[in-house]
Amino acid sequence: MSQPPPFSPTVTLLTVGRVWEAAFAGGLKPLGLTARKYGLLGHIRGMPGISFSELARRSRITVQSAHAAVAALVESGLVDDGTAHAGAASTLRVTAEGESLLARAAEVVARLDAEFAAQHPELTEALRVHMTRVMSATD
C-alpha cells in the first residue's frame, strides 16, 4: 500500500478555495454575474473614474479584456462611461442598477461567509488574522 502524500498547506488551501469558488460562482449565476464581473463592478464602485489600465491591473487581466468587459457592463446598464471615446480618460462609474446588483451579490457573499465560518471557525479566524497582517503591511 502506498503512503499518503505529505500534508501540503498550499494544496489544501487551493482545494478549499476551489470548493468555495464553485459555491460563489453558483450563488452569483442567478444574478447574471460571474466572479470577474463582480470584481470589476467592485473595483469601479470603489474607485470611480478608474483607468482601464488600473482596472486591468487590479483584475489581473489585459487592458483589452478590461475594455471588452466594461463594454458589456455598459451595454447591460451596470456601468456608465461618461466619455466612451478613444483617447479620452475614462469616467467609469457604477449605475443605480449596478449598485442594486452589487447589493444582491453582497447577500450571497454574506450567506457564504456565514456558512464558511460555521463550518470552519478556526480557519475563518486564521484568515482574518492573516488578512489583517497583510493589509497593515501595505499601509
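Residues numbered from 1 in each chain as written. Predicted model: local features only at pLDDT ≥ 70, side-chain atom pairs only at ≥ 80, totals over all residues. Heavy atoms only, no water.

1. Focus: the UniProt feature "domain: HTH marR-type" (unreviewed entry) in the protein
UniProt records the feature "domain: HTH marR-type" (unreviewed entry) for residues 31-80 in the present numbering. With 66% helix and 4% strand, residues 31-80 has its two end C-alpha atoms placed 19 Å apart. (UniProt positions renumbered as here; feature names shortened; annotations may be inferred. Helix = DSSP H or I, 4+ residues; strand = E, 2+ residues; numbered from the N terminus.)

2. Observations regarding the pattern of salt bridges
As enumerated under the stated definition, the model contains seven salt bridges in all. The partner of R93 in a salt bridge is D80, and the shortest N-O contact between them spans 3.8 Å. Remark: D80 occurs in strand β1 (residues 79-81) and R93 occurs in strand β2 (residues 92-94); sequence separation between them is 13 residues. For R93, a relative accessible area of 42% translates into the label partly exposed. Since its relative accessible area comes to 31%, D80 is described here as partly exposed. If you follow the salt bridges from partner to partner, you end up with E54, R57 and R58 in one network. (Salt bridge = Lys/Arg side-chain N within 4 Å of Asp/Glu carboxyl O. Buried < 20%, exposed > 50% of the residue type's maximum accessible area, 1.4 Å probe, protein only.)

3. Considerations on the packing of aromatic side chains
Within the structure shown, the criterion is met by two aromatic pairs. Between the aromatic rings of W20 and F116, the centroid separation amounts to 5.1 Å while the plane-to-plane angle is 75°, which identifies the pairing as edge-to-face. Of the two residues, W20 is situated in helix α1 (residues 9-28) and F116 in helix α5 (residues 96-119); the sequence distance between them amounts to 96 residues. Ring centres of F24 and Y38 lie 5.5 Å apart, and the angle between their planes is 75°; on these two criteria the pair is classed as edge-to-face. With F24 in helix α1 and Y38 in helix α2 (residues 35-46), this pair connects stretches of sequence that are 14 residues apart. The class of F24 is buried, set by a relative accessible area of 18%. Relative accessible area serves as the criterion here: at 24%, Y38 is assigned to the partly exposed category. (Phe/Tyr/Trp six-rings, centres within 6.5 Å; stacked < 30°, edge-to-face > 60°.)

4. Some remarks on unusual backbone geometry
Both trends apply: most residues other than glycine have a negative phi, and most peptide bonds are in trans. Even without being glycine, R60 reaches a positive phi, approximately 60°. Mapped onto the secondary structure, R60 falls in the loop between α3 (52-59) and α4 (63-75).

5. Details of the side chain of T95
Among the structural elements, T95 can be located in the loop between β2 and α5. Discounting chain neighbours no more than four positions away, the residues touching T95 are G77, L78, V79 and D80. (Contact = heavy atoms within 4.5 Å.)

6. A short note on the layout of surface pockets
If you add up the space inside the largest pocket, you get close to 630 Å³. Of all the secondary structure elements, the ones that give two or more residues to the lining of the largest pocket are α1, α5 and α6 (121-137). Residue contributions to the lining of the largest pocket peak at six residues, all from α1. Of the residues in the lining of the largest pocket, the class split is 11 nonpolar, two polar and three charged. (1 Å grid on protein atoms, 1.4 Å probe; cavity = no way out; pocket = protein on both sides within 12 Å on 5 of 7 lines; lining within 4 Å. Points joined across faces, edges and corners; volume = space filled by probe spheres on them. Nonpolar A, V, L, I, M, F, W, Y, C, P; charged D, E, K, R; others polar.)

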